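As a plain string of letters, each chain reads:
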Amino acid sequence: MQILVTGAAGFIGSHVCERLIADGHDVIGLDAFIPYYPREIKELNLTNLHDEPRFSFVETDLRDGDLLPLVSDCDAVLHLAAMAGPASWEQFDHYVSCNITGTQRLLEALQTSGEVERRRFVQISTSSVYGTIARGNEDEKLQPASPYGITKLAAEQLAFAYHRAFGIPVLALRYFSIYGPRQRPDMAYNIFIRSLLRNKPITIFGDGEQSRGNTYIDDCVTGTVLALTRGKPGEAYNLGGGTPITLNEAIEIIEEATSVRADRRYSGARTGDQRHTLADISKARADLGYEPTTGPIEGLRAQVEWQKTFS
């Protein structure tokens, strides 16, 4: 297949591109390098793809770029590009334009390209659509607690609207707390590991007893690739890890892996942060054959080893 991957220079997108190429697919990677974090980090993410003959890269913005030529020859689109993180409270318009308008323009290009029934569209969503507690299956009430979650839910529903109206085979994957090598520098584990390696204090928002069913990057990529061929159009799937741990427990694993005792500074919880998440993956297991294999100890140790090369 020829597959368009948006957000290709990001943490997850770059790993997905590598897996697709290893599986024999041709990949068009798209990224706008919006300065949410330094461009040079994203460019490093693409290092393993530079010499791949099956990979081509396009730098363009979904909000104003010419998308029709990019989707016309594609068999599938993996739409990972989005603005994430807590800045959505302060940058609401930016999150709306990137997460909703960009998605609409991509879907519209796909809709006008012809032969839409053969072009599978995988909308990458998030556990944040469930709100501060995300522990059930895909039928749980959707009540996002932040503008970020709201824009991602809107994008997901927009994609399903195009499925119903125009027959585009759309499915959504709701990611649960992805971590591992190349994790974004603004994410908690990356910050904690970086701080410990540099013998700096860490700030914990809340009491540290918030829990996550974190998903290791390799498991996330496996589930995403499985969804390309096995996912059912019109359906949403949770993709998560199987072992919940608290933030305090994660810090203890990082301490052991770095051989550094953390100087912990506790602060107030951030508005809209999730309290507890654990994906019910029964549906993904049944339909996709998805099964996470990497637990938090092994996964965090792998991320520490990767970050040691940049400390």
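From a predicted model like this one, the values you see are computed outputs, not experimental measurements. (Residues numbered from 1 in each chain as written. Predicted model: local features only at pLDDT ≥ 70, side-chain atom pairs only at ≥ 80, totals over all residues. Heavy atoms only, no water.)

Caption draft 1: How the structure looks around the overall build of the protein. Helix and strand content of the protein: ten helices and 15 strands. The C-alpha radius of gyration of the protein comes to 19 Å, within 12% of the 19 Å expected for a compact globule of 311 residues. Relative to its full complement of 311 residues, the protein shows a buried share of 55%. Excluding contacts between residues fewer than 6 apart, the proportion of contacts in the protein whose partners are at least 24 apart in sequence is 82%. Of the roughly 13100 Å² of accessible surface on the protein, a fraction of 49% belongs to carbon and sulfur atoms. The distance from the centre of the 31 positive side-chain charges to the centre of the 40 negative ones in the protein is 3 Å. (Helix = DSSP H or I, 4+ residues; strand = E, 2+ residues; numbered from the N terminus. Rg over C-alpha atoms; globule rule 2.2 N^0.38 Å. Buried < 20%, exposed > 50% of the residue type's maximum accessible area, 1.4 Å probe, protein only. Contact = heavy atoms within 4.5 Å. Areas by Shrake-Rupley, 256 points an atom, 1.4 Å probe, with all protein chains shown as cover. Lys, Arg positive; Asp, Glu negative; His and termini not counted. Charge placed at Lys NZ, Arg CZ, Asp CG, Glu CD.)

Caption draft 2: Inspection of the sheet that holds strand S1 (residues 2-6) at higher detail. Taken together, seven strands build an open sheet; the order of strands is S3-S2-S1-S4-S5-S7-S12 and the sheet is parallel. Pairing within the sheet leaves two strands with one partner each, and these edge strands are strand S3 (55-59) and strand S12 (236-239). The average angle at which neighbouring strand axes cross in this sheet is 20°, direction not considered. Two elements, strand S2 (residues 26-31) and S3, share five bridges in a ladder whose sense is parallel. (Pairing = 2+ DSSP bridges. Axes fitted to C-alpha atoms, helices over the stretch in contact; angles between N-to-C directions.)

Caption draft 3: Layout of the pairing of strand S4 (residues 76-79). Burial along S4 is two-sided: the face carrying Ala76 and Leu78 and the face carrying Val77 and His79 are both buried. For S1 and S4, the ladder comprises four bridges, and the chain directions are parallel. Looking at S4, one finds that Val5 is bridged to Leu78. One ladder, built from four bridges, connects S4 with strand S5 (residues 120-126); its direction is parallel. Paired with Leu78 across the strands is Val122, a residue of S5.

Caption draft 4: Just the packing of helix H1 (residues 11-22) against helix H7 (residues 217-230), in detail. Interhelical geometry of H1 versus H7 gives an angle of 60° and a closest axis separation of 10 Å. The orientation of H1 with respect to H7, classified from their angle, is oblique. Considering the relative orientation of H1 and H7, their crossing is right-handed. In contact with Phe11, Ile12, His15, Val16, Arg19 and Leu20 of H1, H7 contributes Ile217, Asp218, Cys220, Val221, Thr222, Thr224, Val225 and Leu228. (Parallel < 35°, antiparallel > 145°, perpendicular 65-115°, else oblique. Left-handed = near helix turned anticlockwise from the far one by under 90°.)

Caption draft 5: Representation of the packing of helix H6 (residues 188-197) against helix H8 (residues 247-258) within the structure. Between H6 and H8, whose axes approach to 10 Å, the crossing angle comes to 40°. The angle between H6 and H8 falls in the class oblique. The handedness of the crossing between H6 and H8 is right-handed. Between H6 and H8, the residues in contact are Tyr189, Phe192, Ile193, Leu196 and Leu197 and Leu247, Ala250, Ile251, Ile254, Glu255 and Thr258, respectively.

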